[in-house]
Every structure is written in structure tokens, then in C-alpha cells.
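Descriptive structure summary
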Amino acid sequence: MSTELVDANVVVAARQFNPSVLSQLWLVRRGLVGEEDFREGCIFADAIAQVNTDEFSLLVVPPRAQFTTSVPRDQQQRLIVEKMGGLVHALPETPYRAVGINLTWQLVPENEDIGAVCHRLAFVPQSPVHELFESPDARFGSYLSKDSLGCRLKLDMRPAIAEVAGREPQDIILLAFNYHRDIAAEEEPLPIIDQLLRKWDEAVEETTRIVQATGVQ
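Heads up: these notes are all about the structure in this document. (Residues numbered from 1 in each chain as written. Predicted model: local features only at pLDDT ≥ 70, side-chain atom pairs only at ≥ 80, totals over all residues. Heavy atoms only, no water.)

Observations concerning the overall build of the protein chain
The criterion, for reference: Each helix is a run of H or I in the DSSP string that is no shorter than four residues. Each strand is a run of E no shorter than two, and both are numbered from the N terminus. Think of it in three bands: residues with accessible area under 20% of the maximum for their type are buried, residues over 50% are exposed, and the middle band is partly exposed, with areas taken using a 1.4 Å probe on protein chains only. A contact between two residues is defined here by any heavy atoms of the two lying within 4.5 Å. Residue exposure ignores everything except the shown protein chains as possible cover, and the areas themselves are Shrake-Rupley values with a 1.4 Å probe. By the counting scheme adopted, Arg and Lys are positive, Glu and Asp are negative, and His together with the chain ends is not counted. In this description, the location of a charge corresponds to atom NZ of lysine, CZ of arginine, CG of aspartate or CD of glutamate.
Check the secondary structure of the protein chain and you find six helices and nine strands. Oriented by its inertia axes, the alpha-carbon framework of the protein chain measures out at about 60 × 45 × 30 Å. When burial is assessed residue by residue, the protein chain has 42% of its 217 residues classed as buried. Across the protein chain, contacts joining residues at least 24 apart in sequence account for 63% of those joining residues at least 6 apart. Per element, the accessible surface of the protein chain, about 11800 Å² overall, is 48% carbon and sulfur. A gap of 5 Å separates the mean positions of the 20 positive and 32 negative side-chain charges of the protein chain.

Here it is, written out as C-alpha cells:
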């Protein structure tokens, strides 16, 4: 089996972000981006701010701010705390509603048939609905959730087809993890946001253990 963390980001949701505030000058003055660090694809407009650097990308639209790192694994939490934490503290008047960590893993079975893997991981014996779908070409997925790291952890596990230019389509399994914490009713949301940003490493480690527990080969 090959496994890969194909998407990883932090999202802070708000009733209303004001993307127009995030000019290049504003970002530089607050130490969030260096003057020479802006890369191609940056956008600064009333309804959207898109910031691209060699280390991260930041998308801010009225409902949310999304931060994606592009640094090595051992540097990610530091960067998230410094940059995303710095952003929310620079906008303390923003009515924050929720904070979350999103991690999507891709599994590629090498020694197992994709249908057999889906059946083993997600088929529910004695389920009337599942029994009606039990056939050699069937594919199964599942949804799971629990409390973890002070959040509600949600896992959407499902089969998919990976399309890569120049290659044959490939059967894969996607495990999409979302750590979600509502903070709309909190009088002091910033400390809660800070707390979750500092749990990035723990979230990656926990999802890694869950991916390994699938036993996909």
C-alpha cells in the first residue's frame, strides 16, 4: 500500500471577514509576509485575498480564512501558529464562528482488490441496505465521528478514482478528516483558536494512526 497526505489545511470561519483589509502593505507591516516573499497568483480585492509564498498559501473570503502549508512536516505547526495565529490576532474584532483542521489521506492498495478493501472496511453485516448492495462490483464507504483534541473529529472514508495526466485512472480510498470546533458562543475565541493551532502535530499523528489501522496492503 502507498499512503499520502494529499491535502492539509487550517480553516477559521467567521460571520464576516473583510478581505479588502489584507493588502500587501498590511501583511508586511504585521510581519505575516516578507516584502520579497509574494509569489505569482496573489490576489487582493474587496471580496477575496489570495496570498502565495514559498512556505504557505492563504485564502481569505468573507466566510472563512484557509491556510495551507508547503514546508516540511516538522516545520508545519510552527508556521501555522506564527502565521495563521498572527492573522486572527491582527483581526480581533472579527466575529469568529469556528475553527478546524482538515487532513485528507489517499490510500492506494497494492496487494488487495479495491472492492475487497471497501467491503472489509465499511460493509455492515446484517444491514438491510448494505445487503442489497453486496455484489462483486460494489463499493462501500463510511462516516465516523468522535470527540478528539477538544474538537469533533469527523472522518469520511470512501472509494474514489484518481485521474493523473498521462496515467491510467487509479482506484484509491480517500480518508477525509475534519477536526471542528464551534466558537461562535465563546466570549474569548482567540485562545481557543490558538489552542487548536497548537494541536496540528497531534492531529497529523492521530490521523496517521487511523490510516495505518485500516491494514490496507
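Now that the structure has been shown, the text picks up again.
Some points on the nonpolar core
We apply this condition: What is meant by a nonpolar core is a set of buried Ala, Val, Leu, Ile, Met, Phe, Trp, Tyr and Cys residues, joined one to another through side-chain atoms within 4.5 Å.
Core analysis: the largest hydrophobic core is formed by 57 residues, its most contacted members being Met84, Leu87 and Tyr96. A per-element tally of this core places strand β6 (residues 96-108) first, with six residues. Non-local contacts of Leu87, meaning those with residues more than four positions away in its chain, are made with Leu22, Trp26, Leu32, Leu58, Val60, Ala65 and Tyr96. The next biggest cluster of nonpolar side chains, apart from the first, holds five residues, and it includes Ala160, Ala162, Ile172 and Leu174.

Considerations on a nonpolar patch on the surface
Put simply, the rule is: In this scheme, patches are assembled from residues that exceed 30% relative accessible area and form no salt bridge. Like charges are connected within 9 Å, while nonpolar side chains (Val, Leu, Ile, Met, Phe, Trp, Tyr) are connected within 5 Å. Salt-bridge detection follows one rule: a side-chain nitrogen of Lys or Arg within 4 Å of a carboxyl oxygen of Asp or Glu.
A surface patch of nonpolar side chains, about 380 Å² in accessible area, is lined by Val129, Leu132 and Phe133. Of note, Phe133 is situated in helix α4 (residues 128-133). Owing to a relative accessible area of 55%, Phe133 belongs among the exposed residues under this scheme.

Concerning helix α3 (residues 114-122)
Quick note on the threshold: By definition, the arc is the one covered by directions from the helix axis to the C-beta atoms. Side-chain atoms alone can form a polar contact between residues adjacent in sequence; in general such a contact is a pair of N or O atoms within 3.5 Å, and within protein one must be able to donate a hydrogen while the other accepts it.
Among the residues of α3, those classed as buried are Ile114, Gly115, Val117, Cys118 and Ala122. Projected onto a plane normal to the axis of α3, the buried residues spread over an arc of 160° and lie on a single side. The secondary structure elements touched by the buried residues of α3 are α4, β7 (142-148), β8 (151-162) and β9 (170-182). For α3, the side-chain oxygen to backbone nitrogen distance between the N-cap and Gly115 is 2.9 Å, and the N-cap itself is Asp113.

Quick notes on helix α5 (residues 189-197)
For α5, the tally of buried residues reaches seven of nine residues, placing the bulk of the element in the interior. In this structure, the buried residues of α5 make contact with β1 (2-14), α2 (76-90), β6, β8, β9 and α6 (200-213).

Topic: the pattern of salt bridges
All chains considered together, the criterion is met by nine salt bridges. Taking the shortest distance from any N to any O, the salt bridge between Arg158 and Asp156 comes out at 3.8 Å. For Asp156, a relative accessible area of 34% gives the class partly exposed. Three or more residues are tied together by salt bridges with common partners; here these are Arg78, Glu82 and Lys83.

Considerations on the packing of α2 against α5
What describes two packed helices is the angle between their axes and the distance between those same axes. The condition is simple: Fitted lines through C-alpha atoms serve as axes, helices being fitted only where they are in contact, and the angles separating the N-to-C directions of these axes extend from 0 to 180 degrees. Here the word oblique covers every angle except those under 35 degrees (roughly parallel), over 145 (roughly antiparallel) and from 65 to 115 (roughly perpendicular). Throughout, a crossing is termed right-handed when the near helix is turned clockwise from the far one, and left-handed when it is turned anticlockwise from it by less than a right angle. Classes in brief: Ala, Val, Leu, Ile, Met, Phe, Trp, Tyr, Cys and Pro nonpolar; Asp, Glu, Lys and Arg charged; the others, Gly included, polar.
Packing of α2 against α5 leaves a shortest axis separation of 9 Å and a crossing angle of 165°. In terms of their interaxial angle, α2 and α5 are classed as roughly antiparallel. The two elements α2 and α5 cross, and the hand of that crossing is right-handed. Within the contact between the two elements, α2 uses Gln77, Ile80, Val81, Met84, Gly85, Val88 and His89 and α5 uses Leu190, Ile193, Asp194 and Leu197. Residues belonging to the contact of α2 with α5 are distributed by class as follows: seven nonpolar, three polar and one charged.

Some thoughts on the pairing of strand β4 (residues 56-61)
We count it as follows: Here, any two strands with at least 2 DSSP bridges between them count as paired.
Here β4 lies mainly inside the structure; five of its six residues are buried. Relative to β4, strand β3 (residues 49-52) runs antiparallel, the two sharing four bridges. What sits directly across from Gln50, in β4, is Leu59. Counting the residues between successive antiparallel strands, the hairpin from β3 to β4 contains three residues. Across six bridges, the pairing between β4 and strand β5 (residues 64-69) is antiparallel. Residue pairing in the sheet places Phe56 in a bridge with Thr69 of β5. What sits between the antiparallel neighbours β4 and β5 is a turn of two residues.

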